[in-house]
Amino acid sequence: MTLPFLASDAGAAGLGVALAVGVAFGWGLERAGLGNARRLAGQFFGTDFTVLKVLFSAIVTAMLGVFWLAQMGILDPARVYVPETWLLPQAVGGALFGVGMVAGGLCPGTSCVAAAAGRRDGLAVMGGMLAGILLFAAAFPLIDQLYEATPAGTLTFPDLLRVPPGTVVAAVVAMALGAFAGVEAFERRAALRPGGAS
Amino acid sequence: MSGRAPRAHRLLAIAAATLGALALVAGGAGATRQGVDVVALAREVEAEADHVTARELAAWIRDGREGLRIVDVRTPAEFADYAIPTAENLSLTALTRAAIRPDETVVLYSEGGAHAAQGWFLLRARGVKRVYFLREGLYEWLTQVMTPVLPDGASAADRAAFDSAAELSRYFGGVPRAGGGASVDGDASAALPGASAEGGSAAAVRRVRRRGC
């Protein structure tokens, strides 16, 4: 759990904050329409770019927030947990995750959102996710070597590219704005085509 | 989509572009590292997770541990005089700028232990994860690895520990001793390569001891 604004021993108060942030996150996902499996699958087929827009917006918002709060001395970035990288197991897991996401149309977070909004496919995906967790735990002795393979430590772009963090922030913002403009132009053209997307 | 939405989008895009462009100007080197989680570091020190023993380090070198990087933070003259095998020499200032890959394990040592411990903090503050130091420095290496001693009247457990230490010591050309100073392998100065010369490890032990570490 990462609670960069709270004391290290926040305990129950920390869990309360986590619950509040989680509910807000779920509400945001539902409001953005990401509880809808068709919309999520549409991203992979190039017919709906809501996922790209919502998630890239979230990345840029959080990144600018963390960067500027850190610059102002309000947030200590050293207390923001950076997950460690294991190249091979994460590539394998990512591929498996992608297949599941296209097939089910939901990811773990959005499946909870869809279930909370009363969609039965959300419940089905949550069931599959729990079954997958149990299967993983049961099969762990067989795959523990893969699980521990190719450790690369915590990687961040400023460290990897040896540039100041601000440069990476500016580059990601430019990428996001470029992607938004490109996707909107694509959607306008698609809408103009006979029988194109609405 | 209402007519106002694109306008709101444009304003948000302009705000993001402005904050991003300012970040380019503001983001000095190491800005994300400006905060050091001193509580976490203090816990590592209390948990004794900040150092390795000389014998652990010796075993790592012998076993060819992947990504092991040993850094001697003493002066170049002291380094040239005697150093732990495979070590490189970097000053503390150079250490703060050294490129360290995430898969590397850094072990720092100095004459005693103070400078290496300070180097440990500098690297941890830089965000390097796998850093250790020799708590008693080169002195510990010389006494525990190069010239381990089995005291008189040692128990069977002591003797077993000494046997593995002696084996490790011989790998590095050291001289294990059993009891009142007699070398297990015969005369120390004869067995140690270059021991009679001022640059040998036996001489280095004497010098370090004289300084009262």
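Cut-off values and rules
- Residues numbered from 1 in each chain as written.
- Chains lettered and ligands numbered in written order.
- Predicted model: local features only at pLDDT ≥ 70, side-chain atom pairs only at ≥ 80, totals over all residues.
- Heavy atoms only, no water.
- Helix = DSSP H or I, 4+ residues; strand = E, 2+ residues; numbered from the N terminus.
- Buried < 20%, exposed > 50% of the residue type's maximum accessible area, 1.4 Å probe, protein only.
- Contact = heavy atoms within 4.5 Å.
- Areas by Shrake-Rupley, 256 points an atom, 1.4 Å probe, with all protein chains shown as cover.
- Buried area = accessible area lost by both parts, 1.4 Å probe.
- Salt bridge = Lys/Arg side-chain N within 4 Å of Asp/Glu carboxyl O.
- Polar contact = N/O pair within 3.5 Å; in protein donor to acceptor, adjacent residues only side chain to side chain.
- Nonpolar A, V, L, I, M, F, W, Y, C, P; charged D, E, K, R; others polar.
- Patch = residues over 30% accessible without salt bridge, like charges linked within 9 Å, V, L, I, M, F, W, Y side chains within 5 Å.
- Axes fitted to C-alpha atoms, helices over the stretch in contact; angles between N-to-C directions.
- Parallel < 35°, antiparallel > 145°, perpendicular 65-115°, else oblique.
- Pairing = 2+ DSSP bridges.
- Phe/Tyr/Trp six-rings, centres within 6.5 Å; stacked < 30°, edge-to-face > 60°.
- Lys NZ or Arg CZ within 6 Å of the ring centre and 35° of its normal.

1. Some points on the overall build of chain A
Counting secondary structure elements, chain A contains eight helices and two strands. The helix and strand sequence of chain A, counted from the amino end, reads α-α-α-β-α-α-α-β-α-α. Each of the 198 residues in chain A was classed as buried or not, and the buried ones make up 27%. The long-range share in chain A, meaning contacts at least 24 apart out of those at least 6 apart in sequence, stands at 62%. Looking at chain A as shown, the accessible area adds up to about 12,200 Å², and 71% of this sits on carbon and sulfur atoms.

2. With respect to the interface of chain A and chain B
With 27 residues of chain A at the interface, the matching set in chain B holds 25 residues. Between chain A and chain B, roughly 2,000 Å² of surface is buried when both sides are summed, and carbon and sulfur atoms account for 62% of that area. Area buried by chain A at its contact with chain B is led by A:Trp68, A:Pro165 and A:Leu177, which between them contribute 21% of it. Viewed at the interface, chain B and chain A are joined by zero salt bridges. In this assembly, chain A and chain B are joined by one residue pair in polar contact (both at pLDDT 80 or more). Looking at the side of chain A that touches chain B, the elements that each hand over two or more residues are helix H3 (50-71), strand E2 (151-153) and helix H8 (165-192) of chain A. When its residues are assigned to classes, the side of chain A that touches chain B shows 16 nonpolar, seven polar and four charged.

3. With respect to a nonpolar patch on the surface
Among the surface-exposed residues, A:Phe5, A:Met72 and A:Ile74 lie close enough to one another that they form a single nonpolar patch of about 350 Å² accessible area. Here A:Met72 lies in the loop between H3 and strand E1 (85-86).

4. Overview of the packing of helix H2 (residues 37-45) of chain A against H3(A)
All names here are of chain A. One can describe the packing of H2 onto H3 by two numbers: an axis separation of 8 Å at closest approach and a directional angle of 95°. Our classification of the angle between H2 and H3 gives roughly perpendicular. Contacts between H2 and H3 involve Arg39, Leu40 and Gln43 from the first element and Thr50, Val51 and Leu52 from the second. The class makeup of the residues in the contact of H2 with H3 is three nonpolar, two polar and one charged.

5. Notes on the sheet that holds strand E3 (residues 88-89) of chain B
All names here are of chain B. Spatially, the five strands line up as an open sheet ordered E1-E5-E4-E2-E3, and their pairing is parallel. Every other strand in the sheet has two partners, leaving strand E1 (51-52) and E3 as the edge strands with one partner each. Packing of helix H6 (residues 114-126) onto the sheet brings it into contact with strand E4 (105-109) and strand E5 (131-134), and relative to E5 it is tilted by some 175°.

6. Observations regarding unusual backbone geometry
All names here are of chain B. Look at Glu48: it is not a glycine, yet its phi comes out positive at around 60°. Looking at the secondary structure, you find Glu48 in the loop between helix H2 (38-46) and E1. Owing to a relative accessible area of 44%, Glu48 belongs among the partly exposed residues under this scheme. Although it is not a glycine, Thr86 sits at a positive phi angle of roughly 75°. Position of Thr86 among the secondary structure elements: in the loop between helix H4 (76-81) and E3.

7. Regarding the packing of aromatic side chains
Scanning all chains against the criterion turns up nine aromatic pairs over all chains. Both rings, one in A:Phe49 and one in A:Phe186, keep their centres 5.5 Å apart while their planes meet at 80°; by these two values the pair is edge-to-face. Placement of the pair is A:Phe49 in the loop between H2 and H3 and A:Phe186 in helix H8, with a sequence separation of 137 residues. The interplanar angle of 75° and the centroid separation of 5.1 Å between the aromatic rings of B:Trp141 and B:Phe172 together place this pair among those described as edge-to-face. Taken together, the residues span a long stretch of sequence, with B:Trp141 in helix H7 (residues 137-146) and B:Phe172 in the loop between helix H8 (156-171) and strand E7 (177-178) at a distance of 31 residues. There is no split in this pair, since B:Trp141 and B:Phe172 are both buried. An aromatic cluster is present here, built from A:Phe136, A:Phe140 and A:Tyr147 joined pairwise through their rings. The ring of B:Trp60 carries B:Arg65 above its face, with NZ or CZ at 4.0 Å from the centroid.

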